[in-house]
Amino acid sequence: MEVNLKRKDDALRHIVLSGHTQYQQPEITSCRHAGEVVPVGPYEVMAGGTMYLQSQDLQRADVLVPLTDEWARLLRNGHRYDVLPAILPDFGGVPKNWRNFLCGKVLPLLEEGKKVLAFCTAGHGRTGTFLASLIAILETREQTPDPIKAVWERYCDEAVETLAQAEGIFAIRGEELPDEHYQRTLRYGQVLIPRNDES
Ligand SMILES: [Zn+2]
């Protein structure tokens with residue numbers, strides 16, 4: 001009974017939103033990221049997007065790392081969630097303390113064997129940045145010269161969406177972004193995304 005009611009609500013909401021001229025699906029992609037497991041160094045992280053995650057997917061994780069602040073619809077009454085928020089701007093970059101945050105807060109969880117689920121909206125830009133950043137920390141340059149390519153291979157080739165994200169990933173190792181990533185970014189139409197050199 002409850003399921004039917006829920007579906008009715010969802011259908012109604014969809015109709016209302018569709019009638020609003022400002023409403024558009026954020027992204028149409030062939031992939032649906034709902035907490036798949038991605039290797040990062042000796043560990044694994046679950047990754048997804050709020051567009052695809054269901055409430056029950058959250059129950060599979062020990063700790064949630066929301067990279068977006070729009071995920072309240074996934075929360076269920078009566079459930080306990082351990083949450084480590086790491087809100088990143090959509091189509092933005094990473095904060096100055098990004099590496100320290102990952103090393104100081106996220107790695108200890110992985111070392112403890114916690115199942116960590118990181119997610120943004122579609123599971124591409126911010127989630128891809130999170131995964132590639134962990135790879136940049138946990139895997140050497142010799143093992144994995146390009147953490148972004150590694151995420152494309154292990155997770156999704158639409159992961160990491162902006163110059164600022166890509167630069168932030170390579171900056172973790174004190175490196176410049178290889179030219180080929182600029183070309184990819186241009187191809188994906190991200191040239192309008194401003195670089196925020198101050199953050
Ligand atoms: Zn994808």
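What you are looking at is a predicted structure, and each value in this text was computed from that prediction instead of being measured.

Draft legend 1. The arrangement of the sheet that holds strand 3 (residues 63–66) in detail. What the four strands build is an open sheet, ordered 1-2-4-3; its pairing is mixed. Each edge of the open sheet is held by one strand with a lone partner, namely strand 1 (34–40) and strand 3. Averaged over all pairs of adjacent strands, the angle between strand axes in this sheet comes to 30°, irrespective of strand direction. Note: strand 1 against strand 2 (residues 43–49), six bridges, orientation antiparallel. Residue pairing across strands places E36 opposite A47, the latter belonging to strand 2. Against the sheet, helix 3 (residues 98–111) contacts strand 2, strand 3 and strand 4 (116–120), and its axis sits at roughly 140° relative to strand 4.

Draft legend 2. Helix 4 (residues 125–138), seen in detail. The terminal C-alpha atoms of helix 4 lie 20 Å apart, and with 14 residues this matches the ideal 20 Å at 1.5 Å per residue to within 8%. A large share of helix 4 lies buried, amounting to twelve of its 14 residues. Within the span of helix 4, buried status applies to G125, R126, T127, G128, T129, F130, L131, A132, S133, L134, I135 and A136. At its buried positions, helix 4 is contacted by strand 1, strand 2, helix 3, strand 4, helix 5 (147–154) and helix 6 (163–171).

Calculation notes
- Residues numbered from 1 in each chain as written.
- Predicted model: local features only at pLDDT ≥ 70, side-chain atom pairs only at ≥ 80, totals over all residues.
- Pairing = 2+ DSSP bridges.
- Helix = DSSP H or I, 4+ residues; strand = E, 2+ residues; numbered from the N terminus.
- Axes fitted to C-alpha atoms, helices over the stretch in contact; angles between N-to-C directions.
- Contact = placed C-beta atoms within 7 Å.
- Expected span 1.5 Å × (residues − 1).
- Buried ≥ 20, exposed ≤ 12 C-beta atoms within 10 Å, placed from the backbone.

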